[in-house]
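# Report on the structure
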Amino acid sequence: MKRIALFLLTNLAIVLVLSIVLRLLGVERILDESGSDLDLNALLIFSAVIGFGGSFISLAMSKWVAKRSTNAQVITQARNATEQWLLDTVASQAKRAGIAMPEVAIFPSPEVNAFATGASKNSSLVAVSAGLLNTMTKQEAEAVLAHEVSHVANGDMVTLTLIQGIVNTFVIFFSRVIGHFVDRVVFKTEQGHGPAFWITSIIAQLVLGILASVIVMWFSRQREYRADAGGAALAGRQNMIAALERLKAGQPTHLPDELVAFGINNKARDVYTKLFMSHPPLTDRIARLREGR
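Residues numbered from 1 in each chain as written. Predicted model: local features only at pLDDT ≥ 70, side-chain atom pairs only at ≥ 80, totals over all residues. Heavy atoms only, no water.

A word on helix α5 (residues 138-153). Since the α-helix turns once every 3.6 residues, residues separated by three or four places project in the same direction. For α5, spanning 16 residues, the distance from its first C-alpha to its last is 22 Å, which sits close to the expected 22 Å at 1.5 Å a residue. Of all 16 residues in α5, 13 are buried, a share of seventy percent or more. Downstream of α5 by one or two residues, G155 has phi in the positive range, about 70°. (Helix = DSSP H or I, 4+ residues; strand = E, 2+ residues; numbered from the N terminus. Expected span 1.5 Å × (residues − 1). Buried < 20%, exposed > 50% of the residue type's maximum accessible area, 1.4 Å probe, protein only.)

The following block contains the structure:
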């Protein structure tokens, strides 16, 4: 599952941990006064608090996770002409896009890739790999940077956070419903919840979380098309097409799982994998740009 992105893996883990911690603290009270039936209103509120809480915690951690997982080094002061060009290019694009200057970083990878992340439009990070700087022309690299700046300007990180929060809510809600059903019907528990409820709920939450990620990844692919269009507007359509063509011609590229959703390069290998892809196939992206979309 290399293609499952930030708001699948980190949210799945955070939400699961939050659920367990609150259970141990006795906060998860989802049964009615009789202790036999679910209080669906209470369960929905609990699910929303945990679901959105996990999603926003993940968003708040996004830059820290990005820097740690890629060993990205933020450019605080340019040490050479390439770093100065990077800072100047991102500054110019950010100004045109109407956002605050993002942090700019380089991560040590020979592969061609880049990503953007951050909690808001005015607190973001744009990073490129050393391989991208060594492989692409300045025009192509400028288009990649424009693509990432467009992700920030479009508010894609926050948008996916909200979508993931909704998905989390329903995953938690239905996993508890399934756990309650198994506990009552299969194991005949009449009052409270037995171990079967918690074991079933956790398993259901993991399975439903993976299945629900298909929805999140569909939205991510739509945002990717929009970022391509934004990149074309900032750096030129032909430069954006050339950058994607360069990526298409290169070897498969892998970012850490946490950052796949906001990378520039992510290739589908089969029909099943495409359901979990945060990016559309490069061929489709290039075709859309050539059609003027």
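Here we take up a nonpolar patch on the surface. A surface patch of nonpolar side chains, amounting to about 410 Å² of accessible area, comprises F181, V185, V186 and F187. Checked against the element boundaries, V186 lands in helix α6 (residues 156-186). (Patch = residues over 30% accessible without salt bridge, like charges linked within 9 Å, V, L, I, M, F, W, Y side chains within 5 Å. Areas by Shrake-Rupley, 256 points an atom, 1.4 Å probe, with all protein chains shown as cover. Salt bridge = Lys/Arg side-chain N within 4 Å of Asp/Glu carboxyl O.)

Attention now moves to the packing of aromatic side chains. Under the criterion given, the structure shown has five aromatic pairs. Between the aromatic rings of F173 and F174, the centroid separation amounts to 5.2 Å while the plane-to-plane angle is 85°, which identifies the pairing as edge-to-face. You can call F173 buried: its relative accessible area is 13%. Judged by its relative accessible area of 42%, F174 is partly exposed. Ring plane angle 85° and centroid distance 5.1 Å describe the contact between W218 and F219, whose orientation is recorded as edge-to-face. Judged by its relative accessible area of 32%, F219 is partly exposed. R288 extends its terminal NZ or CZ atom over the ring of Y225, reaching a point 3.7 Å from the ring centre. (Phe/Tyr/Trp six-rings, centres within 6.5 Å; stacked < 30°, edge-to-face > 60°. Lys NZ or Arg CZ within 6 Å of the ring centre and 35° of its normal.)

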